[in-house]
Amino acid sequence: MKCQAKLVFEAEAEFPIDELGRSLAVAIGQQGLGPSEIEARSSGLEASAGAHAITLDIQRDATATYLVIGVFRPGPEAQPVKKLLAGITRTFALNQAPGSVVWLETEVPLPRDAFLEAFAPDAAPCRPVRPRRVDHAEVPMEPRHALPEIANTGAPPRALRADAHVRAYEKHLREVLRRPATPEELEELREAAGIQPTTVRLSTWAMSLAVASISLPVAAPVIVHNLVKGEDFRFASLAMGLSGLFVALDTTGAMADIVTNL
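I will try to describe carefully the structure that is included in this document. (Residues numbered from 1 in each chain as written. Predicted model: local features only at pLDDT ≥ 70, side-chain atom pairs only at ≥ 80, totals over all residues. Heavy atoms only, no water.)

On to the side chain of Ser 100. In this structure, Ser 100 sits in strand β6 (residues 100-103). A relative accessible area of 12% places Ser 100 in the buried class. For Ser 100, the contacting residues outside a window of four places in its chain are Lys 6, Leu 7, Val 8, Pro 109, Leu 110, Pro 111 and Arg 112. (Helix = DSSP H or I, 4+ residues; strand = E, 2+ residues; numbered from the N terminus. Buried < 20%, exposed > 50% of the residue type's maximum accessible area, 1.4 Å probe, protein only. Contact = heavy atoms within 4.5 Å.)

Moving on: the pattern of salt bridges. Applying the stated rule across the entire model yields six salt bridges. Notably, a salt bridge pairs Asp 113 with Arg 112, separated by 3.7 Å at the nearest N-O pair. In this structure, Arg 201 and Glu 231 form a salt bridge, with 3.3 Å as the shortest nitrogen-oxygen distance. Of this pair, Arg 201 sits in helix α6 (residues 198-214) while Glu 231 is found in the loop between α7 (216-229) and α8 (233-252), placing the two residues 30 residues apart along the sequence. Judged by its relative accessible area of 14%, Glu 231 falls in the buried class. (Salt bridge = Lys/Arg side-chain N within 4 Å of Asp/Glu carboxyl O.)

Moving on, we get to unusual backbone geometry. With phi around 55°, Leu 104 is a residue other than glycine that occupies positive phi space. By the element assignment, Leu 104 lies in the loop between β6 and β7 (109-111). Phi is positive for Glu 107, which is not a glycine, with a value near 60°. Checked against the element boundaries, Glu 107 lands in the loop between β6 and β7.

The next point concerns the nonpolar core. Of all hydrophobic cores here, the largest spans 28 residues; its most connected members are Leu 7, Leu 24, Ile 54, Leu 56, Leu 67, Ile 88 and Phe 92. Sorting the residues of this core by element identifies β1 (2-10), α1 (17-30), β3 (44-49), β4 (52-60), β5 (64-72), α2 (79-96) and α3 (112-117) as the ones contributing at least two each. Among the elements that take part in this core, α2 stands out by supplying six residues, more than any other. With residues near it in sequence (within four places) discarded, Ile 54 still touches Leu 24, Ile 28, Leu 45, Glu 46, Ala 47, Ala 49, Gly 70, Val 71, Leu 84 and Ile 88. (Core = buried A, V, L, I, M, F, W, Y, C linked by side-chain atoms within 4.5 Å.)

None of this, on its own, says anything about what the molecule does.
So, in structure tokens, the structure goes:
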């Protein structure tokens, strides 16, 4: 016997496979079943829990995105299959917040709130009030049942919830991180990494060649520096000034006096 239900979302809805796997494990665990394994398929996930096979498929069309939950169990009995499907569908409807739910093969979308109202517990009967008297009664306490252990998952057994503002913030963060960088931002990155623009590098080599035309011994260290450590326009400018100083001293005859005194 196989039954299925559909959770209807907006067309642009996205579901990470790892998050769906944790949600499916939690949903099965809340029904008192421990999944033996959860495997990824091309369209979603498949899990086995005891005698049940549970599938979770992602389907899309032009108007909506569907999470299709299917439960299969050998045999003609439909009530256990529907009960397990209802519990898993309720957990996903609480955590994923779909717009509507399509139950079984009816193809009639039910609003999410209307679907969840079917699981609302009946109101507990009120106890009579006795004023001006103290009535001590032993009220039996039911033991708290812990959730069964969930195999093959590293996530704690808790219900996952992603509110609308969290999803909106994550969507905005992805858009900011994936937008193309502006030329100003690229220029700042080059400056932070010490990468000089092409015009500065060409100007440095032009300055180095000009120094070589004036004084080759002074230009040699500049050229070696450009090849080993990269172009440095400031260093080339200092070498040009030093070469100009030597030329000026040699033209005026002061260089000869300096060499004689040394």
